[in-house]
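Observations on the three-dimensional arrangement
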Amino acid sequence: GAQKLEKSTPPRRVELPSEEMEAILRRLRAMSAEERRGALAAMPEGTRKELMRHLKQEAGGSRLRQLLSHLPELLDSADEQKR
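All of these numbers come straight from a predicted model, not from anything done at the bench. (Residues numbered from 1 in each chain as written. Predicted model: local features only at pLDDT ≥ 70, side-chain atom pairs only at ≥ 80, totals over all residues. Heavy atoms only, no water.)

**Brief notes about the overall build of the chain**
Just so we agree on the cut-off: Put simply, DSSP H or I for four residues or longer makes a helix, DSSP E for two residues or longer makes a strand, and each gets a number counted from the N terminus. Burial classes: relative accessible area under 20% of the type maximum marks a residue as buried, over 50% as exposed, and values in between as partly exposed (1.4 Å probe, protein chains only). Contacts are assigned to residue pairs that have any heavy atoms within 4.5 Å of one another.
On a plain count of helices and strands, the chain comes out with five helices and zero strands. When the elements of the chain are put in sequence order from the N terminus, they spell out α-α-α-α-α. Within the chain, the proportion of its 83 residues that are buried is 12%. A separation of at least 24 residues holds for 54% of the contacts in the chain among residues at least 6 apart in sequence.

**Describing helix α1 (residues 18-30)**
One full turn of an α-helix is made of 3.6 residues, so residues set three or four places apart face in the same direction. Going by this rule: An expected span of 1.5 Å times one less than the residue number is assigned to each helix.
Helix length check: α1, at 13 residues, gives a terminal C-alpha distance of 18 Å against a target of 18 Å (1.5 Å per residue), a fit within 8%. Within the sequence span of α1, burial applies to M21, A23, I24, L25 and L28. Tucked inside the fold, the buried residues of α1 contact α2 (33-42) and α3 (45-58).

**Some remarks on the pattern of salt bridges**
Put simply, the rule reads: When a carboxyl oxygen of Asp or Glu lies within 4 Å of a side-chain nitrogen of Lys or Arg, that pair is called a salt bridge.
Evaluation of the coordinates by the stated rule reveals two salt bridges. Among the salt bridges present, the one from K49 reaches E45, with a minimum N-O distance of 3.0 Å. Of this pair, K49 and E45 are both found in helix α3, four residues apart, which corresponds to roughly one turn of the helix. Under the relative-accessibility criterion, K49 is labelled partly exposed at 40%. Note on E45: relative accessible area 46%, which makes it partly exposed. For R53, the salt bridge goes to E50, with nearest N and O atoms at 3.2 Å. Of this pair, R53 and E50 both sit in helix α3, three residues apart, which is roughly one turn of that helix. Residue classification places R53 among the partly exposed positions, given a relative accessible area of 33%. The class for E50 is buried, based on a relative accessible area of 10%.

**Let's talk about the packing of α1 against α3**
How two helices sit against one another is set out by the angle between their axes and by the gap between those axes. Note the following rule: A fitted line through C-alpha atoms represents every axis, and for helices the fit uses only the stretch in contact; the resulting angles, taken between N-to-C directions, go from 0 to 180 degrees. An angle counts as roughly parallel when it lies under 35 degrees, as roughly antiparallel when it exceeds 145, as roughly perpendicular when it falls between 65 and 115, and as oblique in every other case. Classification used: nonpolar for Ala, Val, Leu, Ile, Met, Phe, Trp, Tyr, Cys and Pro, charged for Asp, Glu, Lys and Arg, polar for all others including Gly.
Following both chains from N to C, one finds α1 and α3 inclined at 90°, their axes separated by 11 Å at the closest point. Considering the angle they form, α1 stands roughly perpendicular to α3. Across from M21, E22, I24, L25, L28 and R29 in α1, the residues of α3 making contact are T47, E50, L51, H54, L55 and E58. Here the residues of the contact of α1 with α3 sort into six nonpolar, two polar and four charged.

**Side note on the confidence of the model for the chain**
We count it as follows: Confidence of the predictor at the level of single residues is captured by pLDDT, which takes values from 0 to 100.
When pLDDT is averaged along the chain, the result is 80, and 76% of the positions lie at 70 or above. In the model of the chain, helix α4 (residues 63-69) stands out as the element of lowest mean pLDDT, 74, in contrast to α2, which has the highest, 94.

Printed below as a string of structure tokens:
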């Protein structure tokens, strides 16, 4: 007979307390780049994703959003030809 396939459930979103997230960030920032890469690779995927979300929020959103927020100032300071 046919085997019954289980529905795959999406991974549960890990929500770490902000104090724990800050502690992880302090430890990572104290490491060398090589150690940091290894530590990040060893983290569960959910923790890495939550860490990325936290860092984006801390930085005020994506890099593109930050650059776009400065666009009016940059346009004002650029000469007509560069615009």
